[in-house]
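Here is what each chain is made of, one letter per residue.
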Amino acid sequence: SQGFGGLLNSNSRSEELMELQDRLTVAFWRMVDTQLTKRQRQVLRLCAQGYTQIEIAKKLNVNQSSITKSINGNCDYRNGKKFYGGIKRRLQKLASKDPEMQDIFKRIREILED
């Protein structure tokens, strides 16, 4: 049994995790707004609103494959299957170098390992 003290500690961890999630969301959209192209921002915002790739393609008047490539990048099979571009890859790379996001991730790991 955790006892009352353990319950309080658990609640404070939950509150801190929710606060960290909010901070992470703000940091994520800051990166989106400052580091992605206008088209990448459009695609990502529509994805976040729940639109499918086909619906996004229709809204932006492009092929669905363009949306897929915008999100996942493209693969150059002639160069040993080298991937380039893509919102996912770009955001992962940016997040790995963003001090604020790394601090948030570190604190989340600490809480979850505790």
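Residues numbered from 1 in each chain as written. Predicted model: local features only at pLDDT ≥ 70, side-chain atom pairs only at ≥ 80, totals over all residues. Heavy atoms only, no water.

Topic: the nonpolar core
Applicable threshold: Only buried Ala, Val, Leu, Ile, Met, Phe, Trp, Tyr and Cys residues count toward a nonpolar core, and they belong to the same one when joined by side-chain atoms within 4.5 Å. Each residue's exposure class comes from its accessible area (1.4 Å probe, protein chains only) as a fraction of the maximum for that residue type: buried when under 20%, exposed when over 50%, partly exposed otherwise. Strands are runs of DSSP state E lasting at least two residues, helices are runs of H or I lasting at least four, and both sets are numbered from the N terminus onward. Note on definitions: a residue-residue contact is assigned when non-hydrogen atoms from the two residues lie within 4.5 Å.
Counting 22 residues, the largest nonpolar core has V43, I67 and L91 as the members making the most contacts within it. Elements with a minimum of two residues in this core: α1 (3-35), α2 (38-48), α3 (53-60), α4 (64-72), α5 (87-97) and α6 (99-113). Ranked by residue count, the leading element in this core is α1, at 5 residues. Apart from residues no more than four positions distant in its own chain, I67 is found in contact with V43, Q53, I56, A57, L60 and V62.

Comments concerning the pattern of salt bridges
Which entries qualify depends on this criterion: Within this document, salt bridges are pairs made up of a side-chain nitrogen of Lys or Arg and a carboxyl oxygen of Asp or Glu, the two lying within 4 Å of each other.
On inspection of all chains with the given rule, the structure shows 6 salt bridges. Across the salt bridge formed by R107 and E16, the nearest N and O atoms sit 2.7 Å from each other. Placement of R107 in helix α6 and of E16 in helix α1 is noted, with a sequence separation of 91 residues between them. Assessed through its relative accessible area of 26%, E16 is described here as partly exposed. Residues R107 and E110 are paired through a salt bridge, measuring 3.1 Å at the closest nitrogen-oxygen approach. Of the two residues, R107 and E110 are both situated in helix α6; the distance of 3 residues between them amounts to about one turn of the helix. For E110, a relative accessible area of 35% corresponds to the partly exposed category. Because the salt bridges share partners, they merge into one network encompassing E16, K106, R107 and E110.

Details of the confidence of the model for the chain
To keep it simple, the criterion reads: Scored from 0 to 100, pLDDT reflects the predictor's confidence in each residue.
Mean pLDDT over the chain works out to 88, with 91% of the residues at or above the 70 mark. Averaged pLDDT values over the elements of the chain bottom out at 73 in strand β2 (residues 82-84) and peak at 97 in α3. Ignoring residues within four places in sequence, the model shows residues 1-5, a span with pLDDT below 50, making 2 contacts including any to other chains.

Structural notes on α6
Counted only if it meets this: Here the expected length of a helix is defined as 1.5 Å per residue gap, with one fewer gap than residues. As used here, the arc is the angular range of directions from the helix axis to the C-beta atoms. Residues adjacent in sequence count toward polar contacts only when both atoms are side-chain atoms; beyond that, a polar contact is any pair of N or O atoms within 3.5 Å, and within protein one must be able to donate a hydrogen and the other to accept it.
Between the first and last C-alpha of α6 there are 21 Å, a value that for 15 residues agrees with the 21 Å anticipated at 1.5 Å per step. Every buried residue belonging to α6 is among M101, I104, I108 and I111, and all of these are buried. The arc enclosing the buried residues of α6, seen along the axis, measures out at 90°, which places them on a common side. Counted as exposed and oriented over 90 degrees from the buried face of α6: P99, D103 and E113. For α6, the side-chain oxygen to backbone nitrogen distance between the N-cap and E100 is 3.2 Å, and the N-cap itself is D98.

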